[in-house]
Amino acid sequence: MSVEELASRIRRAFESYWAGIPEISDLEYDALVRELKTAAPDHPLLEQLGSPQVAALREIRLLSPMISLDKVYSLPELLSWVKSFARTDRDERLLVQPKYDGISCRFDGQTLVTRGKGETGQDISDKLSLIELESADGTGPVNRPARGELLIRPDRFEKLRSVIRSRGNTVYRNTRNVLTGFMMLKDPREVRQLEFAMKQTGAYLTLVDYDRVSFEVSAGELESRWQELTDKIAALPYPMDGIVVKFADAVYRQSLGSTAHHPRGEMAYKFVNARSPSALEDVEWSFGKNSLTPVAVIRPVELGGTTIRRATLHNAKNILDLNLQIGDDIVVERAGDVIPHIVSSSPGENRRNAMIDRCPGCGTELVWKGPELCCPGPDCFETRLCRLSAAVRALDIDNLGDATLRQIMKQFEVRSFGDLLKLDKRKLVSLDRFAEKSAANLYDALQKARKCDDFRLLAALNIPNVGINVAKKLLKTCPFDRLRTLSADELGVMEGIGPERAAALRKTFTEEKTFIDELLASVELRSSFGAAEKQTVCFTGKMPEKRAYYEETARQHGLEPVDQVTGNLSLLVAADPQESGTKLDHARKAGIEVISTDEFLARFPPQKKGQQEEEQLSLF
Ligand SMILES: [Zn+2]
């Protein structure tokens, strides 16, 4: 990338970020900025990335520019920075403060100035009436000197969004977006109107005084107290994207000066995993094929540029372990694209029980199975729907989503997978969003599912480390029905299984018995048992000799040549194993061994007719 390409990508990312539709992750963004700094340290764009565009009364020349901080992403990096500047390894005093993702501001008692661009800040004093100062001694109007971050508290987001939504037709997506919306106001009348509307709702923009949230530690104890301090800071009601560490001795800190872009006496530690405080607003129970899974409905927060409204609670026991109740304060974390989860919680003021004792679907009293709550109701519609849906996915039936399944179950009184297979085409056509062709396709898919290789069914049970190959191996030596009855010890001694796979198999066979029974009752299983004895081989591609030559060679070695690649095929010989083609793709998917023509001939050398007879004779 050229410098200008790099700069234009950064500019776009910066603008989309503040518009509430981030195109890339924070980490990627930081990497691009670092690249630009290396390639063109004096690029004017670097000075403009501090804060978003605001409608300013005027530009103000800053006596000491608020330049952006250098960043690290791990504790060892942070400790080594401390070490390189600390005057003594143990006793140097440090301040640990949050890093918020808003607009950095200073108030000198009269004028509110943003960090703006490089040496000039922007005067936004006309917006003072929209802002509340949160400082060590409480909350109130901005009425005394402070240095901090202008932001929107997540718990005020919805109110503030509704206040600003009344203007024009801008769509406000997230807190940064709403914040810039307020900051772009130019007309004093509009500011007054919004001030009035905010007074009605009691929700203001927030200037967090950094002194409010500052912890002092010695360099020697930074490492041991790091977790405790980050937890404390994370529990505050502002969305944090990192932590700032600086030398407490201001004179010494200033004496360190700065590099071209960053002060030397301060460092930002950025989280790779985003965390934010929130509150548990409700718990929803979603049906699985064997249990009910709790999902936390949380007060919406932004993590890594996305608004999060739900977090996983894993299982019912976890709620008891966390002593979690609706109304509690929580901290949620999102690492990469993983589903957000709750890191910690503390009791809220108005709590109510988050647990249930009856099935929300059929009202049956729930029972515990290990850490899970399950509905034992034999006619539970939702549980049946989940089982059916799992079977449909396991047997690769396309175009049959849960909404359609639900409709099929209600309309045609379908209860089991067997009932599903018996549906005729006419019924399928009458479904929502179905026409002749789509109904015919679904019908064909259902008919095809009537016959199923046993190893495919076993692999479809999603047992850890039991894929197609392992399943095939197992079922060649033991039929499915018998396999289900073996103990973990018996399973463990089978070739290539071991104790972990054995335990997982046993667990699934026990816990999913009803589901497996139902499946087996409705499909015809093609058994792989004993398949090892009749080895089959299939040839594909243009080979140097006639096909008949290779087939004859295979027969000489007791292999049976076949034309189709099925799941039971032992070997596929390809003119070019690297190529792709229907047979090759099919074989790879089914875990069948594929070899080249040369390998085949090396492994199974062709014999002349006479030679074969001689050898056979000599055996007697
Ligand atoms: Zn139920």
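Because the structure is a prediction, the values reported are computed rather than measured.

## Digging into the overall build of the protein chain
Logical step 1: Each helix and strand counted, the protein chain has 25 helices and 25 strands in total.
Logical step 2: Taken along its principal axes, the extent of the C-alpha atoms in the protein chain is 110 × 60 × 50 Å.
Logical step 3: Counting only residues that meet the buried cut, the protein chain has 47% of its 620 residues in that class.
Logical step 4: A separation of at least 24 residues holds for 65% of the contacts in the protein chain among residues at least 6 apart in sequence.
Logical step 5: For the protein chain, the exposed surface amounts to about 32000 Å²; the carbon and sulfur share of it is 49%.
Logical step 6: With 86 positive and 91 negative side-chain charges, the protein chain shows a spacing of 3 Å between the two charge centroids.

## Observations concerning unusual backbone geometry
Logical step 1: For Asn 323, which is not glycine, the phi torsion reads 50° and is therefore positive.
Logical step 2: Structurally, Asn 323 is set in the loop between α10 (316–321) and β16 (329–334).
Logical step 3: The phi dihedral of Glu 413 falls on the positive side, at around 50°, and the residue is not glycine.
Logical step 4: Among the secondary structure elements, Glu 413 is positioned in the loop between α12 (402–412) and α13 (417–421).

## Focus on the coordination of the zinc ion
Logical step 1: Taken together, Cys 359 (SG), Cys 362 (SG), Cys 375 (SG) and Cys 380 (SG) make up the full set of protein donors to the zinc ion, lying 2.2 to 2.3 Å away.
Logical step 2: The coordination sphere of the zinc ion comprises 4 donor atoms, whose angles at the metal cover 99 to 114°; the geometry is tetrahedral.

## Structural notes on the pattern of salt bridges
Logical step 1: The tally for this structure, following the rule as stated, stands at 33 salt bridges.
Logical step 2: Between Lys 127 and Asp 126 there is a salt bridge, and its shortest N-O distance comes to 3.3 Å.
Logical step 3: The exposure class of Asp 126 is partly exposed, given its relative accessible area of 24%.
Logical step 4: Of the charged contacts in the structure, one is a salt bridge between Asp 328 and Arg 351, with a shortest N-O distance of 2.8 Å. Taken together, the residues Asp 328 in the loop between α10 and β16 and Arg 351 in the loop between β17 (341–346) and β18 (367–369) connect sequence positions 23 residues apart.
Logical step 5: For Asp 328, a relative accessible area of 0% corresponds to the buried category.
Logical step 6: By relative accessible area, Arg 351 is classed as partly exposed at 30%.
Logical step 7: Among the charged side chains, a network of salt bridges with common partners joins Glu 221, Arg 225, Glu 228 and Lys 232.

## Here's the deal with α12
Logical step 1: Inspection of α12 places Thr 404, Leu 405, Gln 407, Ile 408, Met 409 and Phe 412 among the buried residues, and these make up the whole buried set.
Logical step 2: For α12, the secondary structure elements touched by its buried residues are α11 (381–394), α13 and α14 (425–429).
Logical step 3: Two residues or fewer after α12 comes Glu 413, characterised by a positive phi angle close to 50°.

## Some words on the environment of Ala 548
Logical step 1: With respect to the secondary-structure elements, Ala 548 resides in helix α22 (residues 547–556).
Logical step 2: Residue class for Ala 548 comes out exposed when judged on its relative accessible area of 51%.
Logical step 3: For the pair formed by Ala 548 and Gln 200, sequence separation is 348 residues and the distance between their alpha carbons is 89 Å.

## With respect to the packing of α11 against α12
Logical step 1: Direction vectors running N to C along α11 and α12 enclose 125°, while the axes themselves pass 10 Å from each other. Put simply, α11 runs oblique to α12. Helix-helix and strand crossings are classified by hand; for α11 and α12 the assignment is right-handed. Across the interface between the two elements, Phe 381, Glu 382, Arg 384, Leu 385, Leu 388, Ser 389 and Val 392 from α11 touch Asp 402, Leu 405, Arg 406, Met 409 and Lys 410 from α12.
Logical step 2: By residue class, the composition of the contact of α11 with α12 is 6 nonpolar, 1 polar and 5 charged.

## Focus: the nonpolar core
Logical step 1: One finds Ile 397, Ile 408, Phe 417, Leu 420, Leu 458, Leu 483 and Leu 505 to be the most contacted residues of the largest nonpolar core, which totals 51 residues.
Logical step 2: Per-element tally for this core: the top contributor is α11, with 5 residues.
Logical step 3: Looking at which domains feed residues into this core, each of domain 3 (381–449) and domain 4 (452–526) gives three or more.
Logical step 4: Setting aside anything within four residues of it in sequence, one finds Leu 483 in contact with Leu 458, Leu 474, Leu 475, Cys 478, Leu 491, Met 494 and Phe 509.
Logical step 5: Judged by nonpolar contacts, the second largest core, of 46 residues, contains Leu 36, Leu 46, Ala 146 and Val 163.

## Quick word on the packing of helix α5 (residues 157–165) against helix α6 (residues 175–183)
Logical step 1: Remark: α5 packs on α6, axes separated minimally by 10 Å, with the N-to-C direction vectors making an angle of 40°. Considered as vectors, α5 and α6 are oriented oblique to each other. The two elements α5 and α6 cross, and the hand of that crossing is left-handed. Facing Phe 157, Leu 160, Arg 161, Val 163 and Ile 164 of α5, the residues of α6 in contact are Thr 175, Val 178, Gly 181 and Phe 182.
Logical step 2: Each residue belonging to the contact of α5 with α6 can be placed in one class, and the counts come to 6 nonpolar, 2 polar and 1 charged.

## Section: the environment of Asn 143
Logical step 1: For Asn 143, the location among the structural elements is in the loop between β8 (138–141) and β9 (146–151).
Logical step 2: Measuring from C-alpha to C-alpha, the distance between Asn 143 and Leu 128 comes to 9.3 Å, with 15 residues separating the pair along the chain.

## Points about the domain arrangement of the protein chain
Logical step 1: According to the domain assignment, the protein chain consists of domain 1 (1–49), domain 2 (55–264), domain 3 (381–449), domain 4 (452–526) and domain 5 (536–618).
Logical step 2: The C-alpha-based centres of domain 1 and domain 2 are spaced at 21 Å.
Logical step 3: In this assembly, 13 residues from domain 1 lie in contact with 15 residues from domain 2.
Logical step 4: Both faces combined, the contact of domain 1 with domain 2 buries some 1300 Å², and carbon together with sulfur accounts for 51% of it.
Logical step 5: Taken together, the links from domain 1 to domain 2 amount to 1 salt bridge.
Logical step 6: Lys 71 is the partner of Asp 30 in a salt bridge, and the nearest nitrogen-oxygen pair spans 3.3 Å.
Logical step 7: Here domain 1 is connected to domain 2 by 2 residue pairs in polar contact (both at pLDDT 80 or more).

The rules behind the values
Residues numbered from 1 in each chain as written. Predicted model: local features only at pLDDT ≥ 70, side-chain atom pairs only at ≥ 80, totals over all residues. Heavy atoms only, no water. Helix = DSSP H or I, 4+ residues; strand = E, 2+ residues; numbered from the N terminus. Buried < 20%, exposed > 50% of the residue type's maximum accessible area, 1.4 Å probe, protein only. Contact = heavy atoms within 4.5 Å. Areas by Shrake-Rupley, 256 points an atom, 1.4 Å probe, with all protein chains shown as cover. Lys, Arg positive; Asp, Glu negative; His and termini not counted. Charge placed at Lys NZ, Arg CZ, Asp CG, Glu CD. Donors = N, O, S within 2.8 Å, 3.2 Å for Na, K, Ca; no water. Tetrahedral: all angles 85-135°; square planar, octahedral: opposite > 155°, others 65-115°. Salt bridge = Lys/Arg side-chain N within 4 Å of Asp/Glu carboxyl O. Axes fitted to C-alpha atoms, helices over the stretch in contact; angles between N-to-C directions. Parallel < 35°, antiparallel > 145°, perpendicular 65-115°, else oblique. Left-handed = near helix turned anticlockwise from the far one by under 90°. Nonpolar A, V, L, I, M, F, W, Y, C, P; charged D, E, K, R; others polar. Core = buried A, V, L, I, M, F, W, Y, C linked by side-chain atoms within 4.5 Å. Domains from an automatic or database assignment. Buried area = accessible area lost by both parts, 1.4 Å probe. Polar contact = N/O pair within 3.5 Å; in protein donor to acceptor, adjacent residues only side chain to side chain.

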